[in-house]
4 protein chains.
Amino acid sequence: MPGNSFGERLRITTFGESHGGGLGVVMDGVPAGLLLDLAAIERDLARRRPGQSAITTPRKEADAFEVLSGLFEGRTLGSPLTFLFRNVDADPRAYAPFKDLYRPSHADFTTQAKYGHRDWRGGGRASARETVARVAAGAVARQLIAPIEVVAWVHRVGDIEGPDLWDVDAGAVEANAVRCPDPDAAARMEALIRAIRADGDTIGGVVRAVCRNVPAGLGEPVFDKLEADLAKAMLSLPAAKGFESGSGYAGTRMRGSAHNDAFVPGPNGVPITTTNRSGGIQGGISNGMPVTFTVAFKPVATIFQPQATVDVHNQPATLTPRGRHDPCVLPRAVPMVEAMAALVLADHVLRARASR
Amino acid sequence: MPGNSFGERLRITTFGESHGGGLGVVMDGVPAGLLLDLAAIERDLARRRPGQSAITTPRKEADAFEVLSGLFEGRTLGSPLTFLFRNVDADPRAYAPFKDLYRPSHADFTTQAKYGHRDWRGGGRASARETVARVAAGAVARQLIAPIEVVAWVHRVGDIEGPDLWDVDAGAVEANAVRCPDPDAAARMEALIRAIRADGDTIGGVVRAVCRNVPAGLGEPVFDKLEADLAKAMLSLPAAKGFESGSGYAGTRMRGSAHNDAFVPGPNGVPITTTNRSGGIQGGISNGMPVTFTVAFKPVATIFQPQATVDVHNQPATLTPRGRHDPCVLPRAVPMVEAMAALVLADHVLRARASR
Amino acid sequence: MPGNSFGERLRITTFGESHGGGLGVVMDGVPAGLLLDLAAIERDLARRRPGQSAITTPRKEADAFEVLSGLFEGRTLGSPLTFLFRNVDADPRAYAPFKDLYRPSHADFTTQAKYGHRDWRGGGRASARETVARVAAGAVARQLIAPIEVVAWVHRVGDIEGPDLWDVDAGAVEANAVRCPDPDAAARMEALIRAIRADGDTIGGVVRAVCRNVPAGLGEPVFDKLEADLAKAMLSLPAAKGFESGSGYAGTRMRGSAHNDAFVPGPNGVPITTTNRSGGIQGGISNGMPVTFTVAFKPVATIFQPQATVDVHNQPATLTPRGRHDPCVLPRAVPMVEAMAALVLADHVLRARASR
Amino acid sequence: MPGNSFGERLRITTFGESHGGGLGVVMDGVPAGLLLDLAAIERDLARRRPGQSAITTPRKEADAFEVLSGLFEGRTLGSPLTFLFRNVDADPRAYAPFKDLYRPSHADFTTQAKYGHRDWRGGGRASARETVARVAAGAVARQLIAPIEVVAWVHRVGDIEGPDLWDVDAGAVEANAVRCPDPDAAARMEALIRAIRADGDTIGGVVRAVCRNVPAGLGEPVFDKLEADLAKAMLSLPAAKGFESGSGYAGTRMRGSAHNDAFVPGPNGVPITTTNRSGGIQGGISNGMPVTFTVAFKPVATIFQPQATVDVHNQPATLTPRGRHDPCVLPRAVPMVEAMAALVLADHVLRARASR
């Protein structure tokens, strides 16, 4: 299969460049009869939207979407559910000066190397705008998997780290522009982002996420481990460069005797664990505890400082970007991480129906 | 698709439990006409084999394999290439005492929760023995992708870390039992592993890997980014809990101005980058620089100390494991990481043939 | 994978109901750099369009399409190529009287049984309007596989059969409204269709097709035989009920000594066969001879006569259809058959690039 | 995906050449907990076995199989269920004289054209021996889908046709060597086959099949129509050249008023149809009536008469086959057709679990 689809039983296919006719997503495999809450989709889209706060890009995007198919009298039909987002604030002139330059740490060169032809008006398929389609699809997936709840938040920006908590409430995340549930850390993160923007620079960080009420039994034992599918989902996000499940890299420093999660009798005849270093996943399959993971995002590649690069003729050149970009992708990455996690979980919820 | 297959154009399907009739792998999509070097496959299997050194489990496994199909007169036929490994040193009695117990941080409980039925004689599909099939398949993939070279090594065990190098030679990795190319760090790692084994305990760590001679243009722009497929491949390995591409988590602390990889004119009219924080992948597509990544492995769950747990009736119990297990999975994880990386690259090499 | 996609390397996903926001197709896997001939797509769409002649439905459809993505400066980008067709002449009131009835030999009952919810305004996903997306995609596939040529025609309507020829020219097919290359048979077929329409009835028939310049080596030896994929493609068309490859059912009456295709030396060191009962496919793989097949189409289920049926409450009812439907689907099925054949061939052309 | 797998949720992958180490099948997606009846599998294999009667090839095959994985204490584990069949009566010397010849209407030339390398010792992957793996898998699928019953039989051999019945009992099919449930027709068919064998020739024919107790709602509306998947399954069988669903080619001669299946109120609030020209499938989805179809098989290509052909150097040659082959594949095709139908139905039974 070519690479613009994701998922097995709930399969999304996204399409569209940042500066063509529009972007969209076809969701195949959405069960019939789901009463779709369109306002909830709007809310998630608003959380991803550029220009939502003083620390994101001032660029405006048309997130108004049209449901092209799959919905009748408010309920899903079991047929492909399709969302279309028109491109309206797409000004290719902003990109014309860079038409023949390879922007450092962007996809310009690799796209050219792969396809021999590219749309230089923005990032093409590599544009973060593609994630608008994922967030819409993820918002549908969320509704499919209720009462499973997916909450992500900004845990670290540069060197400013929030408290080591996993018991985070969605409301606290939305209480500030940074989407860090700790008000003090959030304030310091916001100050850092403002300072970095003033320098024409960018900064990376880490998003944490927790999925609650995940039943035991999701995920497959070998290649399609729940954490493997989450890892792929997260690393498919723009600027993502790392993933940890449960205790992650920190856990590698521990001894097994300290790391193992002891089982104790739980309610309804089902055991629970006293700790959750496994991150809710054992042997690739959910164990009923919260599923926890982190995602690393590198600093955005578009900076407002002159940079040495080459042009399409392999000649030295200098790039001085203009335009409107985020100094830090983290606050807007939160809904993207949630969307991809919801899609992975929904896929495995449907897959589990055939496991016995 | 159910979850025992991996890859699109080069698709492997593994089968077998640790204590059934055998394990194996069917490789579908291997191009015809490849003169297969079986000795090279044997060498990679020997690197994965239990009992290979004083710091691995003394358990013996029958890694002797049979090529069931796909090979004729030494060359691949284009038909499924199948390897079968018989189970011979499989003594289920070792597991009988734990038959009704859920071993902490193992897959016993989740397997039972998912399937309602499990093979208690060893880990079933969750057994690390399943990786023998992956290493064989990976050794074939390596031959397919030559001159691409994949080298992995142990970078950290517990808190003992090797030097921050990516320019590592395969020979240096194999020069000691730990598979850390730095002799001094290797000696300290080995001492740590011996001490931990003496305590009946286990320890985790980090593997690093580099893929050289990867042409620009491998990987797909959206979901099947090269790093996304590598992330899934690595997180599908037993005990893997984290993945980083290029600068990974460390890169998230940097500013864009320091993190971006500047392009400079390269040979043959193709640009190169002066640094490689992108890890050879930009926008999900290889850029011709070395592909670099790390994998986090948690401490092995089987420890030789009594642990509190529950039984299948949700009653408290105490587990005192016996048997033969690795105190540290890292040295044997090195060939597994290489195998999965080679499989991902081979898949994308074949996929790229249809990109333009 | 859910069921709205087709193909492996060239993968199309269609979406849309007959009376929703629109229909469309996402083509994933179209190689980059193809200079797309949009007029050729228009021509194929015109051949499928309702109302094109006196013997098709007078219903008008908006076949004007928009290329939403995947095209830049006239060339494909290697990203998903998306076509959108708006629904404009969709008058749901025509269907309101049948809202609670199950139309005989239609998909109303089975859709309700499967999904528990359906769009009664037209055929939903079962509507033949869905094929507009396939014809557009097929027209792209045709351009990809040039110089392979795919020609289909009406071979039989009811009991009126054209001559037993496979050497048919595309121009002769388009020379009359029936799309039968034999003028005499075409005239009799047209008269039959007019008479049947006057009765408020419908009639079935057979389409034949030939694919020329197919190189030897397309198709896979076991499940994805070229004829197996063609069979699936054709039986996925609305009203299709049969498929034959090469000599088909007639060949089953023959002896092997009469049926076998003798090889003789051919040009360029490659053998050819003196006859072509194999239909250009041996062991599932093309042999360089023309690929030939037939497709059986049942009479359209919508007739303008009262019919006994039941309603959604399982109570007897009488249906008296109104509306605008084809008395014979065959003339408009010709471009659909060609489109699906082109898609199958294009998929296998791309797949073959990885076979050795 | 390469072409050696079939099915989405129940996915089989077959491997093996006729003269290598063995053949087999990996079934991925078999739900856990199925108490497997191995004797039933043996019974189906015996029906496919060469040498079972006076009118099949006297060649003996080792159909003894080993369950390599997926079964524990008699029940499926939810992991891959793997069957291995060793090749024992494989005498490559019988093929040595034809090593450099392309046998007419066989896959020798196309395999060479595709892969540039082939196993000349028998048919390789194109050998009908590959179907032993399908029959074993189909026998498992049958058990999964109970109480759905799949019965196939020989309806026509050459010009000798059985009565036009669909209400056929499995016992009647097995009452004679031809597998035609009509004793009189069976006797005439057997006499024809004996006469044809005496001539060193072969003959084709038609298999009919019915699937009973299929619930309404199996199949997908667009590409994965139940009849489309059946068509692919059947055309993937060796020597299959045609497929009809329900009324098939005969139905194309009818008017809609005569062809439509009228609904009448049925038991349990669910309508039934008074006729079944739809073959139990409407809009690609089962409607609760018996699913009926036919499969056309061409005469076996191996005849015992001299034939003109070419060699691998494109030079004229004469082939005089020796060996042991069936004069008519039909009797042994019956269990193959049943197996593939059971696999398609089992796949859709599992897929339907996620449809609403």
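Keep in mind that this is a model prediction, so the values were computed, not measured.

### Describing the overall build of chain A
Scanning chain A from N- to C-terminus turns up nine helices and 18 strands. Across its three principal axes, chain A shows a C-alpha extent of roughly 65 × 50 × 35 Å. By the burial criterion, 67% of the 356 residues in chain A qualify as buried. Long-range pairs, those at least 24 residues apart, make up 70% of the contacts in chain A with a sequence separation of at least 6.

### So, helix 1 (residues 38-48) of chain B
Residue and element names in this part refer to chain B. Those residues of helix 1 not exposed but buried are Ala40, Ile41, Asp44, Leu45, Arg47 and Arg48. Mapping the buried residues of helix 1 onto a view down its axis gives an arc of 155°, with all of them on the same face. Of the residues flanking the start of helix 1, the one acting as N-cap is Asp37, its side-chain oxygen 3.1 Å from the backbone nitrogen of Ala39.

### Topic: the packing of aromatic side chains
Here the structure, examined in full by the defined rule, presents 38 aromatic pairs over all chains. Here the aromatic rings of Phe65 of chain C and Phe85 of chain C are separated by 5.9 Å at their centres, their planes lie at 50°, and the arrangement is tilted. Residue Phe65 of chain C is found in strand 4 (residues 65-69), and its partner Phe85 of chain C is found in strand 7 (residues 81-86); the two are separated by 20 residues along the sequence. With relative accessibility at 0%, the residue Phe85 of chain C sits in the buried group. Ring centres of Phe109 of chain C and Phe263 of chain D lie 5.7 Å apart, and the angle between their planes is 70°; on these two criteria the pair is classed as edge-to-face. Placement of Phe109 of chain C in helix 2 (residues 108-115) and of Phe263 of chain D in strand 12 (residues 263-264) is noted, with the two residues assigned to different chains.

### Brief notes about helix 2 of chain C
With six of eight residues buried, helix 2 of chain C lies mostly within the body of the structure. Considered for burial, the residues of helix 2 of chain C that qualify are Asp108, Phe109, Thr110, Thr111, Lys114 and Tyr115 of chain C. Buried residues belonging to helix 2 of chain C abut strand 12, strand 14 (281-282) and strand 15 (285-286) of chain D. With its phi angle positive at about 70°, Gly116 of chain C sits one or two positions after the end of helix 2 of chain C.

### Comments concerning the pairing of strand 3 (residues 22-28) of chain D
Residues and elements named next belong to chain D. Counting buried residues along strand 3, seven of its seven residues qualify, which places the element largely inside the surrounding structure. Of the two faces of strand 3, the one carrying Gly22, Gly24, Val26 and Asp28 and the one carrying Leu23, Val25 and Met27 are both buried. Bridge count for strand 2 (residues 11-15) against strand 3 is five bridges, and the pairing is antiparallel. For Thr14, the partnering residue across the bridge sits in strand 3 and is Val25. The hairpin formed by strand 2 and strand 3 contains six residues between the paired strands, and Gly16 there has a positive phi angle of roughly 110°. Sheet analysis places strand 3 next to strand 7 (residues 81-86), joined by six bridges and oriented antiparallel. Along strand 7, the bridge assignment pairs Val25 with Phe83.

### Some remarks on the side chain of Lys114 of chain D
You can see Lys114 of chain D is positioned in helix 2 (residues 108-115). Here Lys114 of chain D sits buried without a salt bridge, and the closest side chain of opposite charge, Glu220 of chain C, lies 4.3 Å off (N-O distance). Each residue touching Lys114 of chain D, except ones within four places of it in the same chain, is listed here: Gly217, Leu218, Gly219, Glu220, Ile285, Ser355 and Arg356 of chain C.

### Considering the relation of the copies chain B and chain D
Superposing chain B onto chain D takes a rotation of 180° combined with a translation of 0.0 Å along the rotation axis, leaving an RMSD of 0.0 Å. Those values place the two copies in the arrangement expected of a two-fold rotation axis. Mapped onto chain D, 100% of the interface residues of chain B are again interface residues, and the two copies thus contact each other with one and the same surface.

### Notes on the relation of the copies chain A and chain B
What connects the two chain copies is a rotation about an axis and a shift along it. Expressed as a screw operation, the relation of chain A to chain B combines 0.0 Å of axial shift with a rotation of 180°, fitting to an RMSD of 0.0 Å. A high fraction, 100%, of the interface residues of chain A reappear at the interface in chain B, so the copies pair face to face through one surface.

### Structural notes on the interface of chain B and chain D
Residue-level contacts link 44 residues of chain B with 44 residues of chain D. Carbon and sulfur atoms supply 60% of the area buried between chain B and chain D, which totals about 3500 Å² over both sides. Ranking the residues of chain B by area buried against chain D places Met1, Phe72 and His117 of chain B at the top, with a combined share of 20%. At the surface where chain B touches chain D, the tally comes to two salt bridges. Close ionic contact of Glu66 of chain B with Arg86 of chain D constitutes a salt bridge, the shortest N to O distance being 2.6 Å. Across the contact surface, chain B and chain D share 14 residue pairs in polar contact (both at pLDDT 80 or more). Of all the secondary structure elements, the ones that give two or more residues to the side of chain B that touches chain D are strand 2 (11-15), strand 3 (22-28), strand 4 (65-69), strand 6 (75-76) and strand 7 (81-86) of chain B. The leading source of residues in the side of chain B that touches chain D is strand 2 of chain B, at four residues.

### Looking at the interface of chain A and chain B
Many structure descriptions define interface size as the accessible area lost when the parts assemble. Counting residues at the interface gives 112 residues for chain A, matched by 112 residues for chain B. Taking both partners together, chain A and chain B bury about 8700 Å²; carbon and sulfur atoms supply 55% of that area. Taken as a group, Lys114, Phe223 and Lys241 of chain A account for 11% of the area that chain A buries against chain B, more than any other trio of residues on that side. Counting across the interface, chain A meets chain B through 12 salt bridges. At the junction of chain A with chain B, the criterion picks out 55 residue pairs in polar contact (both at pLDDT 80 or more).

### A short note on the confidence of the model for chain A
Scored by pLDDT, chain A has a mean of 94; 98% of the residues are at 70 or more. Two numbers describe this predicted complex: its pTM, 0.97, and its ipTM, 0.97.

### A few points about the side chain of Thr13 of chain D
Tracing the chain through its elements places Thr13 of chain D in strand 2. At a separation of 2.7 Å, a polar atom in the side chain of Thr13 of chain D contacts the side chain of Ser5 of chain D. Not counting chain neighbours up to four residues away, the residues in contact with Thr13 of chain D comprise Thr13 and Val26 of chain B together with Asn4, Ser5, Gly24, Val25 and Val26 of chain D.

Conventions we followed
Residues numbered from 1 in each chain as written. Chains lettered and ligands numbered in written order. Predicted model: local features only at pLDDT ≥ 70, side-chain atom pairs only at ≥ 80, totals over all residues. Heavy atoms only, no water. Helix = DSSP H or I, 4+ residues; strand = E, 2+ residues; numbered from the N terminus. Buried < 20%, exposed > 50% of the residue type's maximum accessible area, 1.4 Å probe, protein only. Contact = heavy atoms within 4.5 Å. Arc of directions from axis to C-beta. Polar contact = N/O pair within 3.5 Å; in protein donor to acceptor, adjacent residues only side chain to side chain. Phe/Tyr/Trp six-rings, centres within 6.5 Å; stacked < 30°, edge-to-face > 60°. Pairing = 2+ DSSP bridges. Lys, Arg positive; Asp, Glu negative; His and termini not counted. Salt bridge = Lys/Arg side-chain N within 4 Å of Asp/Glu carboxyl O. Least-squares fit on C-alpha atoms with pLDDT ≥ 70 in both. Buried area = accessible area lost by both parts, 1.4 Å probe. pLDDT = per-residue confidence, 0-100.

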